[in-house]
Amino acid sequence: MASNSTENITKEKQFAKGISATEPEDKEEKKESLTGGPPVIQRSGSRPQLDLSGAAIHGNFEDRYPTILLPNQSDDISHLALDIGGSLIKLVYFSRHAESFTDDYRKNSLRKKFGGTNGNRRNYPILGGRLHFVKFETSKLNECLDFISSKQLHRGGVDSPIWRGNPSTENIVIKATGGGAFKYADVFRERLGVSLEKEDEMGSLVAGANFLLRAIRHEAFTHMDGQKEFIQIDPNDLFPYLLVNIGSGVSIIKVDGFGKFQRVSGTNVGGGTYWGLGRLLTKCKSFDELLELSQKGDNSQLDMLVGDIYGGLDYSKIGLSASTIASSFGKTISENKELSDYRPEDISLSLLRMISYNIGQISYLNALRYGLKKIFFGGFFIRGHAYTMDTISFAVHFWSKGEAQAMFLRHEGFLGAVGAFMSYEKHGLDDLRAHQLVERFPMGAPYVGGKIHGPPLGNLNEKISWMEKFVQKGTAITAPVPMAPPGTTGMGGFERPSARGNILRSDASAALNVGVLHLVPTLEVFPLLRDPKIYEPNTIDLSHSELEYWFTVLSEHLPDLVDKAVASEGGTDDAKRRGDAFARAFSAHLARLMEEPAAYGKFGLADLLELREECLREFQFGDAYITIKQRENEASLAVLPDLLMELDGMNEEDRLLALIEGVLAANIFDWGSRACVDLYHKGTIIEIYRMSRKKMQRPWRVDDFDTFNKKMLTDKRQQPYKRALLFVDNSGADIVLGMLPLARELLRHGTEVVLVANSLPALNDVTANEIPGIVAEAAKHCDTLRRAAEAGGLLLDAMAGIEDESKASTVSVPLMVVENGCGSPCIDFRQVSSELAEAAKEADLIILEGMGRALHTNLNVRFKCDALKLAMIKNQRLAEKLFGGNIYDCICRFEPAD
Ligand SMILES: Nc1ncnc2c1ncn2[C@@H]1O[C@H](COP(=O)(O)OP(=O)(O)O)[C@@H](O)[C@H]1O
Ligand SMILES: CC(C)(COP(=O)(O)O)[C@@H](O)C(=O)NCCC(=O)O
Ligand SMILES: [Mn+2]
């Protein structure tokens, strides 16, 4: 490894840092690549398509965040859109990386092999970056202007490569919708020097809803009796639908297609009514306070129920139970009481119930009027509040006798702002598909005790300081969650919400139930999925009993992970601070999910494992296991020649078995498994590897080796496979002693081999840009690997200095490496890199290795070609649950294409 490995680490760290930030401000230095230092390899997924010719550092090279000037970038795309409503201002803004365009040898040679397509069909480029969602109260317009100004959003963001070249705000036009686009146009001109270009409000709501419903997976959900269920919308079967936007007032819009809609109705009894009347009647100081009060309320103190009129009886003849509300607030007329005699809690609940139910009912009548079955509700009145959604759903369900369905949107109040954003034609965002959008949940704003503390957190240091402040105070940090579900009764009646004493969490900026949307235009659906429409990566449904177990596993693993992460960055005070903040942040996410499993949309184990990696990246840990990975690579490479010699002494059939056994045995090196980490205290890497091999006993828990063997060896004259994609897992023994020798065997059979590895580090997984270094070392001991690696463009000058006759011999089938587009121990085949999608086109064998990729995800997924799934199960519970087996059992599942 020697010389190569050092360079790899440097590269790797830079690589990870380059994309580690989840806020635009957190971006890392780019200077080395621009000043001729080692290339910074970027995740291809977020490669922007700016004109970088003539790019140069603008400012001081010593700056931590040097500005980059792009003289030839003429694009004047704005990055901000606004919806200025009667109650709230909604902002959608875009941030992007000004990444370097340096490239590496591996990518260049791949491009030659597979061509340079990335699947974009547009005649103008769309940019990779992030969409953020933020809101302010309209009465606090100044705060909003300060926020825009501090982040320079009107000029494309503080880090924008464009605006620093042209500091004037003249001619900057920002798309805006809502009445405030008219009312406050002058204020924006005076304060920011920008003009607002007005977009029609209804058109924006519809454009936003159409985009979100088609592009975001699990955007829509139902909410009945406290149960949230995500709905998979078929993008080709969306229209017609009824859109009900509950803002200050309510708009009811019939939507028939893109740009085809009609505002068919509305009501002036809306969100403003609840908040306005509630404020007068209860003296609450904020909307959230009013909503929170309702949780402890009992509406029967003010509402006249059927039972009040019928002497406690149901009016069953027309289907009304005694608890049905006959007249909202009706009870107050027969009592000789003053306003002050009523509890604010009860008033708030009666009001909330009255308004929600009324809107649900009017919506249903309009759906009936136009024969529509789907009703989507948006607007910030809903505020992810369980009781509100249940009441609306109940009204729709009750009056339609179950024929119509109320659905809610996760980006509820941002429809108009998203629509206005979409109207910047040059973004081309309306063309984005679900697989090009990745949602992340960074620690975006400081919350504690359910209250927002200050504006969304800007940079890493602010985030860490905030975490520290509350760590010192010993205050529990939990990200915000919607409230507990209410209790409902049948037949049109509602009981008061089950008051579990939960506080209403703050919905500070974006973090109520939406995250930051990463736009990754180069991601694609894996073309070899047999049925992409029904693809579900997660094997186990986390929403039930499994949830608690996995949360415990991950919480218990946290101290060890923090140790490794801090050590990976030299154990400095800065690393310790970040490590601590990482642990707090990840625990806060876990706590939030424990309280509300659907808080981040549909969430499986793969998402949970990825969230952990994202959190590390958020606190700028580029590669927590780098030292371990290196040490294990070196130890394994040292014994590789002996292993290869041993294998070469065997006959073909024994060798194939030994190779598969070797892959399974070496998969024991998994620093994400508690049991394995405990094991590592008991011996050296090589000792553990030997022990693991010795314990291999067939039949394995799932053992399809014989079928695979038959397919490989039956016809000796024929090449069994043309191209195999090997999805590799861990560093060290796993790749060096397991997957590489298997790759070598396939190459000997004339099969082209593509090693598919992570784009970003995750646990001790090997990454795509680490592999060429490893292969180069291995190739020193093996001609097959050397020639194949050279043919695949992995070795820069493999032939140089090699004197044997093989130099002149025939060209080998190639060994290639592609990145998978992921930074997780699992893989979601709906979102893979374009280079993997391209490589897959000619593949007829897939080998998925490891627990993350072959068991937690994809175990039950079928492919269009033959698939071999290989893993050692390093978790007792999983072994029992999936296979009725035990920890360290092995899985060798072969699934022929037909
Ligand atoms: N923090 C908040 N402050 C004020 N109103 C809020 C808040 N959160 C939710 N709401 C509710 O959302 C409504 C505004 O919804 P929104 O969709 O933003 O409409 P608009 O565009 O009319 O401002 C308010 O009338 C109120 O009922
Ligand atoms: C994160 C992992 C999926 C990685 O496994 P791999 O894909 O490397 O085989 C696995 O280590 C895991 O599920 N760990 C948590 C369970 C445990 O500690 O037992
Ligand atoms: Mn792994």
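Figured I'd write up the structure that's included with this text. Keep in mind that this is a model prediction, so the values were computed, not measured.

## With respect to the side chain of S833
Turning to step 1, where the next piece is worked out: When you line up the elements, S833 lands in the loop between β26 (815-819) and α26 (834-840).
Turning to step 2, where the next piece is worked out: Judged by its relative accessible area of 2%, S833 is buried.

## So, a nonpolar patch on the surface
Turning to step 1, where the next piece is worked out: There is a patch of nonpolar side chains on the surface, built from I309, Y310 and L313 and spanning about 300 Å² of accessible area.
Turning to step 2, where the next piece is worked out: Relative to the helices and strands, I309 resides in helix α10 (residues 306-309).
Turning to step 3, where the next piece is worked out: Residue I309 is classed as partly exposed on the basis of its relative accessible area, which comes to 49%.

## Things to note about the coordination of the manganese ion (ligand 3)
Turning to step 1, where the next piece is worked out: Protein-derived ligands of the manganese ion (ligand 3) are D729 (OD), N730 (OD1) and D765 (OD), with the metal-ligand distances lying across 2.0 to 2.1 Å.
Turning to step 2, where the next piece is worked out: The sequence pattern formed by the donor residues of the manganese ion (ligand 3) is D-N-x34-D. Note that N730 is positioned in the loop between β24 (723-727) and α23 (733-748) and D765 in the loop between β25 (752-757) and α24 (771-779), a separation of 35 residues in sequence. With respect to burial, N730 and D765 carry one shared label: buried.

## Details of the site of ligand 2
Turning to step 1, where the next piece is worked out: Around ligand 2 there are 16 residues in total, and D670, G852, H856, K874 and N875 lie nearest to it.
Turning to step 2, where the next piece is worked out: The separation between a nitrogen atom of ligand 2 and a polar main-chain atom of G672 is 2.9 Å.
Turning to step 3, where the next piece is worked out: In the environment of ligand 2, an oxygen atom lies 2.6 Å from a nitrogen or oxygen atom belonging to the side chain of H856.
Turning to step 4, where the next piece is worked out: Contact with the protein chains removes 98% of the 480 Å² of surface that ligand 2 exposes when unbound.

## Some words on the packing of helix α8 (residues 271-282) against helix α11 (residues 344-369)
Turning to step 1, where the next piece is worked out: The interhelical angle for the contact between α8 and α11, taken along N-to-C directions, is 160°, at an axis separation of 10 Å. On the basis of the axis angle, α8 is roughly antiparallel to α11. Where α8 crosses over α11, the handedness of that crossing is right-handed. Here T273, Y274, L277, G278, L281 and T282 of α8 come into contact with α11, specifically with P344, I347, S348, L351, L352 and I355.
Turning to step 2, where the next piece is worked out: A breakdown of the residues in the contact of α8 with α11 according to their chemical character gives 8 nonpolar, 4 polar and no charged.

Analysis parameters
Residues numbered from 1 in each chain as written. Chains lettered and ligands numbered in written order. Predicted model: local features only at pLDDT ≥ 70, side-chain atom pairs only at ≥ 80, totals over all residues. Heavy atoms only, no water. Helix = DSSP H or I, 4+ residues; strand = E, 2+ residues; numbered from the N terminus. Buried < 20%, exposed > 50% of the residue type's maximum accessible area, 1.4 Å probe, protein only. Patch = residues over 30% accessible without salt bridge, like charges linked within 9 Å, V, L, I, M, F, W, Y side chains within 5 Å. Areas by Shrake-Rupley, 256 points an atom, 1.4 Å probe, with all protein chains shown as cover. Salt bridge = Lys/Arg side-chain N within 4 Å of Asp/Glu carboxyl O. Donors = N, O, S within 2.8 Å, 3.2 Å for Na, K, Ca; no water. Near = heavy atom within 4 Å. Polar contact = N/O pair within 3.5 Å; in protein donor to acceptor, adjacent residues only side chain to side chain. Axes fitted to C-alpha atoms, helices over the stretch in contact; angles between N-to-C directions. Parallel < 35°, antiparallel > 145°, perpendicular 65-115°, else oblique. Left-handed = near helix turned anticlockwise from the far one by under 90°. Contact = heavy atoms within 4.5 Å. Nonpolar A, V, L, I, M, F, W, Y, C, P; charged D, E, K, R; others polar.

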